[in-house]
Amino acid sequence: MLSPHPSGIRKYLPMQDGATATFDLFEPLGDHRTGDDITMVICPGIGNHSEKHYIRTFVDHAQKDGYRCAVLNHLGALPNIELTSPRMFTYGCTWEFAAMVGYIKRTYPHTQLIVVGFSLGGNIVCKFLGENRVNQERVLCCVSVCQGYSALRAQETFLQWDQFRRFYNFLMADNMKKIILSHRHSLFSGSSVKVIDVDLSRLYTATSLMQIDEHIMRYVKKPVSLKEYYEKESCKCAAAAGELADDPLVHDSLLNIPRTLKPNVIFALTLHGGHLGFFEWRLIVGYANAMCQWEKQKPACCQSDFEL
């Protein structure tokens with residue numbers, strides 16, 4: 001079965017450092033069941049964007065249920081969009097996502113937000129919400145799907161062969177290399193300090209994400225050690241966490257993190273689905289519907305602010 005092709009409008013947002021963030025905006029295909037204006041702000045997985053099959057499928061279902069959808073295109077991920085500064089997306093940089101959310105709040109002053117992050121995007125959205133309480137304004141809930149929670153611990157498990165994790169690591173690293181090399185003139189030319197610190201020959205021979213992070217990604221912003229990079233890029237909170245028991249990328253040991261989160265966190269573990277392998281993503285839309293309905297019908301005495 002072919003994935004749907006929802007029709008959206010691409011938006012371009014200039015950033016303070018000269019970068020240009022992009023996201024695709026999809027209007028709802030009908031009224032929301034609550035009668036309210038609800039926008040899903042969506043952050044895809046590593047090196048992904050609005051044109052990926054799983055994103056298109058999810059957006060299609062959300063639109064049909066009355067949601068406006070804004071999907072971030074990770075900086076450098078779209079093959080036909082050039083970088084306008086020597087910077088691309090990283091594991092936990094929230095700048096582009098924050099710019100997209102800010103645009104939505106300004107353009108639709110009465111809309112409420114459902115925040116959704118897939119894999120790496122789950123880390124970014126949870127980190128964004130935890131960085132500043134202002135970021136939680138008008139947010140009804142956050143859904144994080146198939147994220148690893150701790151970059152340092154996750155990367156260590158990526159070197160293991162069970163469930164072919166090491167092979168998936170190689171495939172993701174190969175995709176990252178292609179993205180980086182496609183923007184090498186923007187990233188590494190000129191008088192940038194990155195030219196001094198980055199050894200591109202190490203990139204060509206890298207076979208894991210950790211090697212790419214060691215030799216390239218930790219220099220994208222301020223150069224730090226690999227351990228510091230992973231600690232600074234990882235989220236320390238989550239709102240509603242969804243994982244899959246047969247996910248080849250998220251090791252069982254990482255699931256202890258969401259299991260110990262605060263009582264206002266729902267942790268759902270399904271038996272099957274692989275990594276982002278749901279066919280229709282109806283569960284997320286159903287959860288969002290329930291949260292919108294609760295917000296509509298809750299007693300006046302209930303606290304209205306979204307809290308992490």
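Since the structure is predicted, the reported quantities are computational estimates derived from the model, not experimental observations. The numbers attached to residues start from 1 for each chain and follow its sequence in the written order. The model is predicted, so local features are restricted to residues of pLDDT at least 70 and side-chain atom pairs to those at 80 or more, both for listing and for counting; the totals for chains, interfaces and linings are taken over all residues. Only hydrogens and water are removed before side-chain values are computed, so all heavy atoms of the structure are retained for them.

1. Structural notes on the packing of aromatic side chains
Operational definition: Under the pairing criterion, centres of Phe, Tyr and Trp rings, with the six-membered ring standing for Trp, must be within 6.5 Å; the plane angle then separates stacked pairs below 30 degrees from edge-to-face pairs above 60, leaving the rest tilted. We count a stretch as a helix when DSSP gives it H or I for four or more residues in a row; a strand needs E for two or more, and each element gets its number in order from the N terminus. Between buried and exposed lies partly exposed: a residue is buried under 20% and exposed over 50% of the maximum accessible area for its type, with that area taken using a 1.4 Å probe on protein chains only.
Considering all chains together, one arrives at six aromatic pairs under this definition. Ring centres 5.5 Å apart and planes at 80° place the aromatic pair Tyr54 and Phe118 in the edge-to-face group. In this pair, Tyr54 sits in helix H1 (residues 53–64) while Phe118 sits in strand E5 (residues 112–118), placing the two residues 64 residues apart along the sequence. Exposure remark for Phe118: the relative accessible area of 0% places this residue in the buried category. Considering the side-chain rings of Phe97 and Phe128, the 5.2 Å spacing of their centres and the 80° angle between planes classify their relative orientation as edge-to-face. Linking Phe97 in helix H2 (residues 95–107) with Phe128 in helix H3 (residues 120–131), this pair joins segments that are 31 residues apart in sequence.

2. Details of helix H12 (residues 282–297)
The condition is simple: The span you would expect from a helix comes to 1.5 Å times its residue count less one. Working note: the arc is built from the helix axis to C-beta atom directions. We call two residues in contact whenever any of their non-hydrogen atoms come within 4.5 Å of each other.
With 16 residues, H12 should cover 22 Å at 1.5 Å per step; its first-to-last C-alpha distance of 22 Å lies within 8% of that length. Turning to H12, its buried residues are Ile284, Val285, Ala288, Asn289 and Cys292. Projection of H12 onto a plane perpendicular to its axis shows the buried side chains occupying an angular sector of 140°, all on one side. Of the exposed residues in H12, those oriented more than 90 degrees away from the buried face are Arg282, Leu283 and Gln297. Check the buried side of H12 and you find it contacts strand E3 (38–43), H1, E5 and strand E6 (139–145).

3. Description of the pattern of salt bridges
Where we set the bar: We define a salt bridge as a contact between a side-chain nitrogen of Lys or Arg and a carboxyl oxygen of Asp or Glu at a distance within 4 Å.
Scanning the entire structure with this criterion turns up 13 salt bridges. The partner of Asp37 in a salt bridge is Arg68, and the shortest N-O contact between them spans 2.7 Å. You can see Asp37 sitting in the loop between strand E2 (20–26) and E3 and its partner Arg68 sitting in strand E4 (residues 68–73), a full 31 residues away along the chain. Three or more residues joined by partner-sharing salt bridges are found here, namely Arg10, Asp24 and Glu51.

4. Some thoughts on the nonpolar core
For clarity, the cut-off: To qualify as a nonpolar core, a set must consist of buried Ala, Val, Leu, Ile, Met, Phe, Trp, Tyr and Cys residues joined through side-chain atoms within 4.5 Å.
If you look at the biggest cluster of nonpolar residues, it comprises 55 residues, and the most contacted ones within it are Val41, Met88, Phe97, Ile104, Ile180, Ile212 and Met217. When residues no more than four places from it in sequence are discounted, the contact partners of Ile212 are Ala173, Met176, Lys177, Ile180, Leu203, Ala206 and Met217. Met40, Ile114, Leu140 and Val285 belong to the second largest nonpolar core, which has 25 residues in total.

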